[in-house]
Amino acid sequence: MSPWLDFVLFSILAATAVGVVILRNLFAVVMLGAVFSLVTAALFVVMDAPDVAFTEAAVGAGITTVLLLGALTLTTRHERPGSSGIAIPLAVSLITGAVLVYGSLDLPRFGSPDAPIHLHLAPEFLVGREPEIDIPNIVTAILASYRGFDTLGEVIVVFTAGIGVLLLIGRHHVGRRNRVEDAADDKGEAPDSPAQSPPEST
Amino acid sequence: MRHHLILRIITKLLIAPILLFALYVQVHGEISPGGGFQAGVIAAAAIILYGLVFGLEAAERAVPPSFVHGIMVSGVLIYAGTGVYSMAVGGQFLDYDQLDPHYPVHGQHLGIVLVELGVLFTVSATMILIFYAFAGRPTPIGEKDW
Amino acid sequence: MIGTAADIASWLFIVSGSAGIVISALGLLRLPDFYTRLHAGGVTDTFGAELLIIGLAIQSGVSLITAKLLIIGLFLFFTGPTATHATANAAWVAGLKPRLAERPDERPDGDNP
């Protein structure tokens, strides 16, 4: 039963990815992106990783879709067709994919108990959790305590993303929106080139 | 307004349970799947839902951008502050055993709670901030061109 | 551990919920107009998912899992029809009109309230 489930989910994932690449209507692409995230969350549940599935469903299928739709209102709805040919990118993708598949043939079987990553630190964490930390969820124990420094790095990355958005798009004030629209109407500008609209600076 | 009547009523009913669920996920991060990241995203989703249905001005009155900036910064400060405090008391950086010298297990619990709180603050504030930044820009294209 | 009657009942609910979802997907593909497809799509959220949740709740007896499942079912019960309504409202406000049957004797102007 489980190989068939993996097979079905992965084929849905591949079909969605092909759809995201081929479609020109950006609205449909954003919706397919939400479907992609949801199927990935289902795959994570099948792989017995509920924490990651939780985060992927919430972030990918929820927040990212809303933010992409918000970004879509600032630009056109149809993707402009690409100008260059597809021969060189296709060759690069195929060669990279073939090299990756060839490299993955040497990996141990998925989830096998005598793979090297399961022999050195993982037993130490699993055994040492009881006397040292004593919380039931091993994932939180590893994330927050054993590998707390990495989580600090993740939090700083999220913080940097927020700072980057603040710097690029700028802190707006609610009244400015109406004033900018009034100014545009006064000057009689036609909204014809959204790609060249000047960025709103603070 | 008449168009969005049902949406507004249902949203008013649902925002409190969503925030409560975010709190539940945050606090139960040690027992069941959950933790700071998931709880932060769910809390931000509640505020973004409010902003989508009631308008950006109402959302910014409820959760002002300056407050969001403060929360975002204090999340990182709480997390790094835990590490610096444990270093100041005598241990290594982010060594939670130092937070309670008599019972190291309690120190670990306290450290994990503080750290997850910092993660919750930063993640939720960043999501709300990005939504405010995207939704606050005037649309350069008209309704008919879209 | 769980009686045969509870097993049969939960099996019935889960199968009918899954059948509802399959029928709704079929309707999404085959129905002609946007509003009729919306009818079909709304069935998944409120009919299929609710029956599935009831079947799973019977399967897990009286426990915390049942309480959580029922709360999720209540949440879906509220948000499924709201999502369908929001989609239909957005389509109506944007100007999409439903495709009605042509009846020249009864509706001379073809308009609808």
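Residues numbered from 1 in each chain as written. Chains lettered and ligands numbered in written order. Predicted model: local features only at pLDDT ≥ 70, side-chain atom pairs only at ≥ 80, totals over all residues.

Along chain C, the regular secondary structure elements total three helices and zero strands. Starting at the N terminus, the α and β elements of chain C follow one another as α-α-α. Looking at chain C as a whole, 12% of its 113 residues qualify as buried. Pairs at least 24 residues apart make up 66% of the contacts formed inside chain C by residues separated by at least 6 positions. (Helix = DSSP H or I, 4+ residues; strand = E, 2+ residues; numbered from the N terminus. Buried ≥ 20, exposed ≤ 12 C-beta atoms within 10 Å, placed from the backbone. Contact = placed C-beta atoms within 7 Å.)

Turning next to helix α2 (residues 34-59) of chain C. Residues and elements named next belong to chain C. Taking 1.5 Å of rise per residue, the 26 residues of α2 would be expected to cover 38 Å, and the 37 Å separating its terminal C-alpha atoms lies within 8% of that figure. Taken as a whole, α2 carries its principal kink of about 35° at Val43. The set of residues buried in α2 consists of Thr44, Gly48, Leu51, Leu52, Ile53, Ile54, Gly55, Ala57 and Ile58. In the core, the buried residues of α2 are packed alongside α1 (4-30) and α3 (64-94). Trailing α2 by a residue or two, Gly61 shows a phi angle of about 65°, which is positive. (Expected span 1.5 Å × (residues − 1). Bend = angle between axes of the 7 residues up to and from the residue.)

Glancing now at the interface of chain B and chain C. Between chain B and chain C, the residue contacts involve six residues of the former and six residues of the latter. For the side of chain B that touches chain C, a count of residues per class yields five nonpolar, one polar and no charged. (Nonpolar A, V, L, I, M, F, W, Y, C, P; charged D, E, K, R; others polar.)

This part covers the interface of chain B and chain A. The interface of chain B with chain A comprises 54 residues on the first partner and 49 residues on the second. Breaking the side of chain B that touches chain A down by element, the ones donating at least two residues are α2 (36-54), α3 (56-62), α4 (65-89) and α5 (104-136) of chain B. In terms of residue count, α5(B) provides more of the side of chain B that touches chain A than any other element does, 21 residues in total. When its residues are assigned to classes, the side of chain B that touches chain A shows 33 nonpolar, 15 polar and six charged.

Residue and element names in this part refer to chain B. Between its terminal C-alpha atoms α2 stretches 27 Å, which fits the 27 Å expected from 19 residues at 1.5 Å a residue. For α2, the buried fraction is high: 14 of the 19 residues fall into the buried class. Gly55, located one to two residues past α2, shows a positive phi value of around 100°.

With that out of the way, let us pick up the nonpolar core. Membership of the largest hydrophobic core comes to 48 residues, with the highest contact counts inside it found for B:Val41, B:Ile42, B:Ala44, B:Met127, B:Ile128, B:Leu129 and B:Phe131. Taken domain by domain, this core gets at least three of its residues from each of domain 1 (1-79) and domain 2 (120-188 + 198-202) of chain A. Look past the residues within four positions of B:Ala44 in its chain and what remains in contact with it is A:Ile63, B:Ser124, B:Met127 and B:Ile128. Counting residues in hydrophobic clusters, the runner-up holds eight residues, among them C:Leu52, C:Ile54, C:Ile58 and C:Leu69. (Core = buried A, V, L, I, M, F, W, Y, C linked by C-beta atoms within 7 Å. Domains from an automatic or database assignment.)

Here we come to unusual backbone geometry. Even without a glycine there, the phi angle at A:Asp48 is positive, about 65°. Assignment of secondary structure puts A:Asp48 in the loop between α2 (26-46) and α3 (50-72). Unlike most non-glycine residues, B:Leu94 shows phi in positive territory, near 60°. Of note, B:Leu94 is situated in the loop between α4 and α5.

Just distances and angles here, no functional claims.
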